[in-house]
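# Tertiary structure, described
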Amino acid sequence: MSVAPDVVDRVRARLAEDGSDPTPSHVAAALRRGGRLYGDATVLAVVDELRRDTVGAGPLEVLLRRPGVTDVVVNGPDQVFVDAGRGLERVDVRFDDDEQVRRLASRLAAAAGRRLDDASPYVDVRLPDGTRFHAVLSPIARPGTSLSLRVPSRRAFSLDDLQAAGAVGPAGAAVLRALVASRAAFLVTGGTGSGKTTLLAAMLALVDPHERLVVVEDASELRPDHPHVVGLEARPVNVEGAGAVTVRDLVRQALRMRPDRLIVGEVRGAEVVDLLAALNTGHEGGCGTVHANSARDVPARLEALGVAAGLSRDAVHSQLAAALDVVVHLERGRDGVRRVREVAVVEPGDDGVARTRTAVTLDLDGTARTGPGAARLESVLEEP
C-alpha cells in the first residue's frame, strides 16, 4: 500500500518533535493528532516507509540485496540505476524528492563516522557491511544529490569460475596460473568496473597456502580465498579532521609484517613510491591493481603518480623497469562481460623509459595470439 508523501512527512515531523521511534503505536498516535482516522494498513505502511528511511540503505536496500548486483547509483530523486553485469540499467525506484536522497546520504555517512552537509558536501566511505559509498550533494551535483554504492562480493570467485563465465579462456587461464606460480611482480589493470579486484582475488587464491599475504587497500574489497591473509585498510580523517591513516602509511607498515607477498588493492597515489621500492628490495610476487586504458598506458600512469609523489621521471622509470614484470589488462565489452584481453611484459627502453610490450592478446572467443613480448614472458614465467 502506498501512502501520500505529505502524510509521511507530517508523521516524521511529529515523531521528531517527540523524540519517538517509528513504532506502530507512535505512528498511530501521530496520525490521530492530524484529526483524521486511518486504518491499520495505513499505519503499517507509514511505519514501513519511515523504517526504510532509518534502517539500511532505505529504498535502495532491496536493490543492494539483489543477486548479482555490483553497483547502485542515484542521480537525483528520479533516476536510479543498477549494474548486475550487463552495464547500468534503470530501475523502477524513486525518491519523493531530493531532500529524501540527502537524508539517506547523510545518515549513511554518519554510520561510517563521517560528516555530510553543505559545509562538507561530498564523502567517500566504507559502510559497516563493507559497501563502498560515495555521495555528492546538490546543487554541486545535478540533477540532484548523487549516490554511488559498490556492493562487496558475496563470494570469492575462483579462476575456474571466471573461466566458466567467459572472463578468460583456457589459454589465458594457463598464463595467469603460471604467472602466480612464478612469483613475478604484476599489476592488473583496466577501467572502472572492468573486474580488476575480482580477477586479482582469484589469482591470489592460487598462491601457495604456506605464503603470507598482506593486503593494503584504501577501502577493503579484496577478499581472496586463501588461508593466510592480513588486511590493512586506510582511514580518512574523522569529523574533527584528525586520525587519517593513508595507504602509503600502511604500505610501510606492511613491509614490517613479514609478507611473502605484498598486495596493494589499488595503486592511485603516493603509495606507488613505497610499492616500487618494496618490489626492488626482494619482495617477490608483489601485485596490485591500477586504473589504465590499456597495458601500453601503464608506465605513463605510474610515472604521473610517482612524479606527483616527489620522484624524478628517471627514478620512476628505472624502478618500474626493475620492479614490475607483467601487466594483465582487462576490458569490459559492450555486452557487459569483463574479459582479460592482454598480458604484457615491462621492459626498459634504450632511452631509460620503461615500456610494455604485448606478449599475449586474448580474443573475445578466448583464443590467444602471441605478440612481440612472448619470449620475454616465457622467460619470466620460467624463473624460479
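For the structure, check the block above.
Residues numbered from 1 in each chain as written. Predicted model: local features only at pLDDT ≥ 70, side-chain atom pairs only at ≥ 80, totals over all residues. Heavy atoms only, no water.

Once that is clear, we can look at the overall build of the chain. Of the regular secondary structure elements, the chain holds 13 helices and 15 strands. In terms of overall dimensions, the chain has C-alpha extents of about 85 × 45 × 40 Å along its principal axes. Considering the chain as a whole, with its 384 residues, one finds that 47% of them fall into the buried category. Considering only contacts in the chain between residues 6 or more positions apart, those separated by 24 or more positions represent 51%. With the model as given, the accessible surface of the chain reaches about 18400 Å², and the carbon-plus-sulfur share is 50%. (Helix = DSSP H or I, 4+ residues; strand = E, 2+ residues; numbered from the N terminus. Buried < 20%, exposed > 50% of the residue type's maximum accessible area, 1.4 Å probe, protein only. Contact = heavy atoms within 4.5 Å. Areas by Shrake-Rupley, 256 points an atom, 1.4 Å probe, with all protein chains shown as cover.)

Another point: the pairing of strand S10 (residues 261-264). Here S10 shows two buried faces, one formed by Arg261 and Ile263 and the other by Leu262 and Val264. Sheet topology places strand S8 (residues 213-217) next to S10; four bridges connect them, and they run parallel. Looking at S10, one finds that leucine 213 is bridged to arginine 261. Here S10 runs beside strand S11 (residues 287-291); their pairing, made up of two bridges, is parallel. Each residue of the ladder has a partner; that of valine 264, found in S11, is glycine 288. Crossover connection from S10 via helix H10 (residues 271-279) to parallel S11: handedness right-handed. (Pairing = 2+ DSSP bridges. Right-handed = clockwise from strand over helix to strand, strands pointing away.)

What follows covers the layout of surface pockets. In this structure, the largest pocket occupies an estimated 1400 Å³ of space. Along the walls of the largest pocket sit 44 residues, with Thr70, Arg150, Gly195, Thr198 and Arg338 positioned nearest its centre. Residue assignment for the lining of the largest pocket shows that the elements contributing at least two residues are strand S1 (71-75), strand S5 (132-136), strand S6 (146-150), helix H8 (196-204) and strand S13 (338-348). A class-by-class count of the residues in the lining of the largest pocket yields 17 nonpolar, 14 polar and 13 charged. The volume enclosed by the second largest pocket comes to roughly 410 Å³. (1 Å grid on protein atoms, 1.4 Å probe; cavity = no way out; pocket = protein on both sides within 12 Å on 5 of 7 lines; lining within 4 Å. Points joined across faces, edges and corners; volume = space filled by probe spheres on them. Nonpolar A, V, L, I, M, F, W, Y, C, P; charged D, E, K, R; others polar.)

On to the pattern of salt bridges. Counting across every chain of the model gives 22 salt bridges. Close ionic contact of aspartate 117 with arginine 115 constitutes a salt bridge, the shortest N to O distance being 2.7 Å. Here aspartate 117 falls in the partly exposed class, since its relative accessible area comes to 26%. Arginine 115 sits in the partly exposed class, given a relative accessible area of 43%. The salt bridge involving arginine 132 is made with aspartate 124; its shortest N-O contact spans 2.8 Å. Given a relative accessible area of 14%, arginine 132 falls into the buried group. (Salt bridge = Lys/Arg side-chain N within 4 Å of Asp/Glu carboxyl O.)

With respect to the helices and strands, glutamine 163 occurs in helix H6 (residues 159-164). Glutamine 163 sits 143 residues away from glycine 306 along the chain, and the two C-alpha atoms are 35 Å apart. Not counting residues within four places of it along the chain, the set of residues in contact with glutamine 163 comprises Val168, Gly169, Pro170 and Ala173.

To continue, consider empty space enclosed by the protein. For the structure on display, the rule yields two cavities of 30 Å³ or more. In this model, the largest cavity occupies a volume close to 80 Å³. In terms of lining, the largest cavity is formed by Arg132, Thr197, Glu217, Asp218, Ala219, Glu221, Gly265, Glu266, Arg268 and Thr289. Across the lining of the largest cavity, the residue classes tally to one nonpolar, three polar and six charged. Taken as a whole, the second largest cavity encloses approximately 50 Å³ of empty space.

Tracing the backbone through its elements, the reader meets aspartate 83 in strand S2 (residues 80-83). In terms of polar contacts, aspartate 83 uses its side chain to reach the backbone amide nitrogen of glycine 87, at 3.4 Å. Here arginine 332 takes part through its side chain, which lies 2.8 Å from a polar atom of the side chain of aspartate 83. Beyond its immediate chain neighbours, meaning those up to four positions away, aspartate 83 contacts Gly68, Val69, Thr70, Asp71, Leu88, Arg332 and Arg338. (Polar contact = N/O pair within 3.5 Å; in protein donor to acceptor, adjacent residues only side chain to side chain.)

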